[in-house]
Amino acid sequence: MGHYAPVSASNDSITVEVYDMGEKLNAFGVFQAKRSNQELPLNIGTASFGSGGYLAFYKDRYFVEINSYITDEKWKKTHFVLAQNVSDNLPGDNLPPKELSYFPEQGKVKGSEKYIRGGILGHAFLDKGLICDYRIGAKNVSAFLAFFPSKKAAEESYSQHVTFLQKSGESSLLNGVGDRGLISKEPYHNNIIIVQEGSFEIGVYDLSTPQEGMQILNGILKRLGI
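Bear in mind the structure is a predicted one, so any value in this text is a computation, not a measurement.

Q: Sorry if this is basic, but what is going on with the environment of F164 here?
A: Tracing the sequence through the fold places F164 in helix α3 (residues 151-166). Each residue touching F164, except ones within four places of it in the same chain, is listed here: H123, E186 and P187.

Q: How should I be thinking about helix α4 (residues 214-224) in this particular structure?
A: Since the α-helix turns once every 3.6 residues, residues separated by three or four places project in the same direction. Where α4 is concerned, the buried positions are M214, I216, L217, G219, I220, L221 and L224. Elements in contact with the buried residues of α4: β8 (128-136), β9 (139-147), β12 (190-197) and β13 (200-207).

Q: Can you walk me through unusual backbone geometry in this structure?
A: With the exception of glycine, the majority of residues adopt a negative phi angle, and the majority of peptide bonds are in the trans configuration. The phi dihedral of N190 is positive, around 60°, even though this residue is not glycine. By the element assignment, N190 lies in strand β12. Notably, D206 is not glycine yet its phi reads approximately 65°, a positive angle. The topology assignment puts D206 in strand β13. D206 sits in the partly exposed class, given a relative accessible area of 24%.

Q: Can you walk me through the pattern of salt bridges in this structure?
A: Working definition: two side chains of opposite charge can pair if their charged atoms are close together. For the coordinates displayed, the defined rule picks out seven salt bridges. Across the pair E65 and K34 runs a salt bridge, and its minimum N-O distance is 3.3 Å. Placement of the pair is E65 in strand β6 (residues 62-69) and K34 in helix α1 (residues 24-34), with a sequence separation of 31 residues. Judged by relative accessible area, which is 9%, E65 ranks as buried.

Cut-offs and rules
- Residues numbered from 1 in each chain as written.
- Predicted model: local features only at pLDDT ≥ 70, side-chain atom pairs only at ≥ 80, totals over all residues.
- Heavy atoms only, no water.
- Helix = DSSP H or I, 4+ residues; strand = E, 2+ residues; numbered from the N terminus.
- Contact = heavy atoms within 4.5 Å.
- Buried < 20%, exposed > 50% of the residue type's maximum accessible area, 1.4 Å probe, protein only.
- Salt bridge = Lys/Arg side-chain N within 4 Å of Asp/Glu carboxyl O.

Coordinates in, geometry out; function isn't part of it.
And the structure:
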């Protein structure tokens, strides 16, 4: 953390906080949780936004927040300059996490990706992964990609998910896609397709019909390249 103030006698100040999140996905996840779709993007770090006296960005494994209180007009842009200097001096690159590339671009709602820790769709067995929104016709649907340390762990999680979904009484196997797949009603998200492939579970939900999600599902599987 750093505090900055002009030399002149003034209450104006800027506070810079730099967080080492350990890996890119963590930094991205915190950034997306802070960002609002109404915030204007800035050209700082990998991605950034600012509003009023607040500015945030992430670069590589670092997440940075800057809070400023500036009344002197000649210093109004100081926090932007400071943010760029901090970004330039942080190690690492400006490339986003490679995992974001697993979502196909066609129909994707820009900026909707989020990194979830602690349960996708509220399920503890889907401990961590990415979710992303897509536009199909006049409606939005969502896709997720859950990560596991091994294929066995993915298989165990998938089995728990199937057990949960089969309680709806409207499930059918999806053959020929991934290692294992299921089409089902979802208690809170209309229709869902899930597939276990290697150390991943992929799903598309909030579907009016299961067929709506097949292109997205196949696109993710193709990009995984397993």
